[in-house]
Amino acid sequence: MLEILIPQIVSGLVVGSLYVLIAIGLSIIFGLLGIVNFAHGSFFTLGAYFALTLYQLFGWPAVILSPIFVGIVGMVVERTLIQKLYDKEPLISLIVTFALALLIEASVRLIYGGIGQPFSPPPFLSGFLIWGPILIAQYRLAMLAATTVLLLLLWLFLEKTPFGRILRAGSRDPEMVGLLGINLPRVLTWVFGLGCAISGIAGVMAAPLWVVTPSMATNAIMPAFVVVAIGGLGSFAGAVIAGLMVGVVIALTIQFYPSASGAVMYVFMAVMLILRPRGLLGERWERFE
Amino acid sequence: MTSGTSGLLIPRRKALLGATALAAAPLAAPHIARAADPIKIGLLLAKTGQIAAQTEYLANGSFLALEERNNMIMGQPAELVWLDEPTPQAATQNMQKLVQENKVSAILGGSLSSNALAEEATAAQLKIPFVCNNAAATDISGKNCNRYTFRLNTPVAVQCRMLAPFALTYGKKWYFITASYAFGQDIVKSGRQLLEEAGGTVVGSDEAPLNTPDFSSFILKIRQAKPDVVWGGLSAGDLSTFLKQWDAMGMRGKIPFLEIAIGDTDIWSVGPEAATGTFTALWWYKNPNNTPEEKKFAESYDKKYGKPAADKAWMGWITARSLFESIDAAKSLEPMKIVEALEAWKAPADGYSYSYRKFDHQMMMKNLAVSVKPQITDKWDYFNVEAALPKDTADLDKVFGTEAEVGCKMG
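Quick caveat: nothing in here was measured; it's all calculated off a predicted structure. (Residues numbered from 1 in each chain as written. Chains lettered and ligands numbered in written order. Predicted model: local features only at pLDDT ≥ 70, side-chain atom pairs only at ≥ 80, totals over all residues.)

A.B. asks: Sorry, what's going on with the environment of Q117 of chain A here?
C.D. replies: In this fold, Q117 of chain A is placed in the loop between α4 (90-112) and β1 (128-131). With 20 C-beta atoms packed within 10 Å, Q117 of chain A lands in the buried category. When sequence neighbours within four positions are dropped, the list of residues in contact with Q117 of chain A reads L52, Y112 and V212 of chain A together with S269 of chain B. (Helix = DSSP H or I, 4+ residues; strand = E, 2+ residues; numbered from the N terminus. Buried ≥ 20, exposed ≤ 12 C-beta atoms within 10 Å, placed from the backbone. Contact = placed C-beta atoms within 7 Å.)

See the structure below:
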């Protein structure tokens, strides 16, 4: 039995790490800006398409620029659209960002066409490794390592740097941060850009695994919402734990009851929310209650 | 001077009467007024989602078929009205909208089996000719058939019969990985039956939800089961994702992969490094046996869109052509007359004619067995054509099944 379970758990952790990355951006944006960003998956798509274009034009090293471009697009969107939603009902932001998601998908379809774009892992990461019962593609292993490093750096940035402290303070009491002379609107622009850039990184990583299509956001946005809901809105650690759990739960469901693998994360979310409505590590936030 | 009228002058009363008669002419002869309106044909195809990669080609092919006729049907201007089919329920709502608001005379569409099954029932209810241009579920022209629905794609059960001999050359231990909706379930049902008849064993069968982004856990299961061949039943983008991950996990070339009804866009999305498998296909732009009309279509498509005509483009083109030519032949927009003309429609194929069979409205056509080339040098040219099936045209009726086997009762 272990020979069956271990490879599935490893596979689930790898897929879960990608979900974590998608969800972290969403969680940061919600936690600090209070915006339910339904267009988050679209920035994931943009990450994949920018990577594809950069690869075709300049080769693999240029792909690293993709999340930066996504971040810039995110900042422009925040300045022109999202900023107007901060004092509005959450439902308004949901509708506006949903419309934005449709607009981005339609734009990508117009520019690149509806057909999926082939995009393979870099040659130095192609191939696979076998350790006993475990079979893992080298690219997935590299993705797991890169995600781990990235999450660590992000945590250090949010917890240990002055900018991170401003972000966390701003999420709790924006007025107080403003009174301290900090330009909060500018900070929020950077935060939105950062969240989008992280989603873009996930898109870059997913591009060689999935098929790069205009509708690939659909496969990213729902797991991201589920992970954020399970982990607790705005909780960094909660998103990490929840993402990995969702990945493993899906992998084990595929092993034992594959046709339910699409629905299992929603069942898991429902159970978790019944047991703990704030999510695993969600705290009580005055701003949202 | 006289106050009479010359031969050229018209008395005022007569002039008024004439003007009134001219003004009233459209009311007295509505058919003349309608003749000036464009004939509208509905196009019911998904605009978003994974299947949109295919529907773009289906639509392009249909529009090209109309352009080839200078946008005229029955000598009148004609246009295609394209609405979305995001879900079966929304598809039927849009079908009603096409008929009741857009006043279309017939509908082309049905990109997914789940949608097409709902749409064909609505077509019967609305009494509107419906030509299904993509969906392959057996029941569409089987037990769910109706007088108003015509279907191009070869039913799943028939394609399975065509592909099974290829699968059996690899061995008798099969593993099914299929989509968890009508198309995939149909494949498992037909495949199991064929394998049992051949004395083989199903060593595994998994249903993957639509839009599954990661197949690694499924692939691990397949690896554990050690089948002789994997029989796929995944659609559109899901198949592309699976094949990419199949290659990344080192399975390409280790266990043969077969699937029916490959779409060119599915394999183009995989990329030359990861593509693999043997498939059935309705049409391939590089098939040397394509008819002169099909070759001309492929050239026009390439010229207009800057890329080769995918099989889906041909499917959009041939179904639209069949409908437009049938309306011409019917010389009427009356639904039943269009239906009768579609039943009589024929077009040249390679040594036989494409036609819809009268008792089930199923397009009778050979399928191609294609396999991915060992080395792909052109980013569009992936396939070697292994055979046209059935080899003998006389076997078409037998392969597609008799009236009793198909189970279609139009009433």
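Resuming the write-up.
A.B. asks: When you look at helix α5 (residues 138-160) of chain A in this model, what are you seeing that I'm missing?
C.D. replies: Compared with an ideal rise of 1.5 Å per residue, which puts 23 residues at 33 Å, α5 of chain A spans 33 Å between its outermost C-alpha atoms and is within 8% of the ideal. Among the residues of α5 of chain A, Y139, R140, M143, T147 and L151 of chain A are the ones counted as buried. Those residues of α5 of chain A that are buried lie in contact with α1 (2-33), β2 (134-137), α8 (184-206) and α10 (236-256) of chain A together with α9 (236-248) of chain B. (Expected span 1.5 Å × (residues − 1).)

A.B. asks: What exactly am I supposed to notice about the sheet that holds strand β13 (residues 353-356) of chain B here?
C.D. replies: Within a sheet, each strand pairs with its neighbour through backbone hydrogen bonds, oriented either parallel or antiparallel. Residues and elements named next belong to chain B. What the three strands build is an open sheet, ordered β12-β13-β14; its pairing is antiparallel. Of all strands in the sheet, those with a lone pairing partner are β12 (346-348) and β14 (363-364), marking the two edges. As paired strands, β12 and β13 are joined by three bridges and run antiparallel to one another. Residue K346 lies in a different strand from β13, and its bridge partner there is S355. (Pairing = 2+ DSSP bridges.)

A.B. asks: Quick question: what am I supposed to make of the sheet that holds strand β5 (residues 130-132) of chain B here?
C.D. replies: Residues and elements named next belong to chain B. Reading across the sheet, the six strands line up as β2-β3-β1-β4-β5-β6 and stay open at both edges, with mixed pairing between neighbours. Looking at which strands have only one partner, the edges of the open sheet turn out to be β2 (72-73) and β6 (149-151). This element, helix α3 (residues 52-67), spans β1 (39-44), β3 (76-83) and β4 (106-109) of the sheet and lies at about 170° to β3. Sitting on the sheet, helix α12 (residues 311-330) touches β1, β2, β4 and β5, and the angle it makes with β4 is about 165°. (Axes fitted to C-alpha atoms, helices over the stretch in contact; angles between N-to-C directions.)

A.B. asks: I'm lost on the packing of α1 of chain A against helix α9 (residues 218-231) of chain A in this one. Help?
C.D. replies: Any two packed helices are characterised by how steeply their axes cross, that is the angle between the axes, and by the distance between the axes. Residue and element names in this part refer to chain A. Axis separation between α1 and α9 bottoms out at 8 Å; the angle between their running directions is 65°. As far as their axial angle goes, α9 and α1 are roughly perpendicular. Along this stretch, α1 crosses α9, giving a crossing that reads as right-handed. Residues Y19, V20, I22, A23, L26, S27 and F30 of α1 touch α9, and the partners they reach there are A220, P223, A224, V227 and V228. For the contact of α1 with α9, a count of residues per class yields eleven nonpolar, one polar and no charged. (Parallel < 35°, antiparallel > 145°, perpendicular 65-115°, else oblique. Left-handed = near helix turned anticlockwise from the far one by under 90°. Nonpolar A, V, L, I, M, F, W, Y, C, P; charged D, E, K, R; others polar.)

Honestly, it's all geometry; don't read function into it.
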